[in-house]
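Spelled out from the first residue to the last, the chains are:
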Amino acid sequence: MKKIMLVLAVAVFCAYAFRTSDEGSISGKVTPADGANNAWAIMGTDTLKATVNDGTFSLQQAKAGTYTVIVSAKSPFQDVTIANVRVEDGKATDLGEIKLAEK
């Protein structure tokens with residue numbers, strides 16, 4: 001009986017250990033390409049951060065829900081805030097082109 005319980009416990013552990021992630025992602029393209037440093041996604045107490053490289057960013061491991069995305073701009077540009085960004089499990093959310101305005 002103990003062996004059966006041990007085998008079942010190992011099977012359950014392995015099922016969770018090798019489970020694929022259902023998390024989504026948020027991506028976008030900033031113009032001008034050198035106008036921003038970082039992108040942030042905030043939902044409640046969850047915060048994700050990605051570096052903007054060559055004008056693009058990708059925020060990974062986003063749980064399903066509604067985020068506020070903030071693009072931190074370099075001077076002379078203004079930060080951009082995008083509210084109500086929906087993320088679904090296992091899906092990529094593309095914000096498309098985000099144009100930075102000058103201050």
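Bear in mind the structure is a predicted one, so any value in this text is a computation, not a measurement. The written sequence of each chain sets the order in which its residues are numbered from 1. The predicted origin of the model limits local features to residues at a pLDDT of at least 70 and limits the giving and counting of side-chain atom pairs to 80 or more, whereas totals for whole chains, interfaces and linings rest on all residues. For side-chain calculations, the full set of non-hydrogen atoms in the structure is used, while hydrogens and water are omitted.

J.: Account for the sheet that holds strand β6 (residues 80–87), with residues named and values stated.
T.: Paired through their backbone hydrogen bonds, the strands of a sheet run either parallel or antiparallel. In short, DSSP must find at least two bridges between two strands for them to pair. Only DSSP runs of H or I covering at least 4 residues are called helices, and only runs of E covering at least 2 are called strands; the numbering of each starts at the N terminus. Read across the sheet, four strands follow the order β3-β2-β5-β6 without closing on themselves; strand pairing throughout is antiparallel. Bordering the open sheet on either side are β3 (46–51) and β6, each of which pairs with just one other strand. Averaged over all adjacent pairs, the angle separating strand axes in this sheet is 20°, with direction ignored. Direction of pairing for strand β2 (residues 36–43) relative to strand β5 (residues 65–73): antiparallel, over a ladder of six bridges. Bridging from a neighbouring strand, Ala39 pairs with Val71 of β5. Here an axis means a line fitted to C-alpha atoms, over the contact stretch when the element is a helix, while the angle between two N-to-C directions is reported on a 0 to 180 degree scale.

J.: Pulling in residues and values, what's your account of the pattern of salt bridges?
T.: Between Lys or Arg on one side and Asp or Glu on the other, a salt bridge is scored when a side-chain nitrogen of the former is within 4 Å of a carboxyl oxygen of the latter. With the rule as written, the count across this model stands at two salt bridges. Taking the shortest distance from any N to any O, the salt bridge between Lys63 and Asp46 comes out at 3.7 Å. Of this pair, Lys63 sits in the loop between β4 (56–62) and β5 while Asp46 sits in strand β3; the two residues are 17 residues apart in sequence, bridging distant segments of the chain. Note on classification: 1.4 Å probe, protein chains only; a residue is buried when its accessible area is under 20% of the maximum for its type, exposed when over 50%, partly exposed between these limits. A relative accessible area of 25% means that Asp46 is categorised as partly exposed. As a salt-bridge pair, Glu88 and Lys91 come within 3.2 Å of each other at their nearest N and O atoms.

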